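Structural overview for review
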Amino acid sequence: MRRASTALPAPPAAWSAPWRALVRAWMLYHLGDPRYRFLYDAPPPDEWVSVDCETTGLNPHKDEIIAIGAVRIQGQRVLTSQRLNLLVRPARVISAEAVKVHGLRERDVAGGLPIDEAMHRLLHFIGPRPLVGYYLEFDVALINRALFPMLGVRLPQPCIEISALYHDWKQRQLPPYQHGATIDLRLATLMADLQLPTRQAHDAVNDATMAALAFLKLRALLAAP
């Protein structure tokens, strides 16, 4: 038996522009710093930003960002010359488990930026562009935790999850009786299956770049008949 959806229905097409204008006005009203109004502008066509963060641990409610990598995407190109690479000085101790993953120690980030300055640079780099990433929900949760005390709002940009695109593409290739089968969503598996070049993982800029490449490849594959 098919379960009824609990999602709100999309507004009729005739309402879409007024609805977007109303949402934008409501968000701007709650924006704590008018210098960031540009976040709510219309994004440049066919542009995105791929984002990745390294952190003190794996708890999005407690841990903190220690590195941010971001790269812009324009059309069918990953603009590696337009990238952001920031170290952030945390108030929290970096866990031993996290150091084993990304290799960043407390002395490596001791000279990093304060989190407010890092967020300022990140927001100006992103602008109103939609975000792309691999398990992006975790990164956005940590970014929003840092942003909310500054601005009183969270990131307004749409988020595009690479692992979800890959899952959809793999499901399309399966016969109907195999739909719902478990799919390996590890980044290394994904990149190899898409025949894309890899970089050393768990480096924020490298991970952002790999996610950007995967996004472009999957976007083309999903658009194909």
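What comes next concerns the included structure. As the structure is a prediction and not an experimental result, all values here were calculated from the model.

A short note on the pairing of strand 3 (residues 77-87)
- Both strand 2 (residues 65-74) and strand 3 contribute to a ladder of eight bridges, which runs antiparallel. For V71, the partnering residue across the bridge sits in strand 3 and is R83.
- Hairpin connection between strand 2 and strand 3: a loop of two residues separates the two successive antiparallel strands, and G75 in this loop has a positive phi of roughly 60 degrees.

Some remarks on the pattern of salt bridges
- Under the criterion given, the structure shown has eight salt bridges.
- As a salt-bridge pair, D108 and R105 come within 3.0 Å of each other at their nearest N and O atoms.
- Taking the relative accessible area as the measure of exposure, D108 reaches 26% and is therefore partly exposed.
- D184 is the salt-bridge partner of R186, the closest N and O atoms lying 2.7 Å from each other.
- On the basis of relative accessible area, R186 is assigned to the exposed category, the value being 56%.

A look at the pairing of strand 1 (residues 47-55)
- Within strand 1, nine of the nine residues are buried, which leaves the element mostly enclosed by the surrounding structure.
- Alternating residues of strand 1 divide into E47, V49, V51, C53 and T55 and W48, S50, D52 and E54, and every residue in both groups is buried.
- Bridging between strand 1 and strand 2 involves nine bridges; their strand directions are antiparallel. Residue V49 lies in a different strand from strand 2, and its bridge partner there is R72.
- In this structure, strand 1 lies alongside strand 4 (residues 131-133), joined through two bridges in parallel fashion. Of the residues in strand 4, the one forming a bridge with V49 is L131.

What counts as what
Chains are numbered independently. Their residues run from 1 in the order of the written sequence. Two thresholds apply to this predicted model, a pLDDT of at least 70 for residue-level local features and 80 or more for giving and counting side-chain atom pairs, whereas whole-chain, interface and lining totals are computed over all residues. Water and hydrogen atoms play no part in the side-chain values, which are based on all heavy atoms of the structure. Note on pairing: two strands pair once DSSP finds at least 2 bridges between them. Secondary structure counts use DSSP, requiring at least four H or I residues in a row for a helix and at least two E residues in a row for a strand, with both numbered from the N terminus. Think of a salt bridge as a Lys or Arg side-chain nitrogen and an Asp or Glu carboxyl oxygen that are within 4 Å of each other. Throughout, exposure labels follow a simple rule: accessible area from a 1.4 Å probe, protein chains only, divided by the maximum for the residue type, with under 20% read as buried, over 50% as exposed, and the rest as partly exposed.

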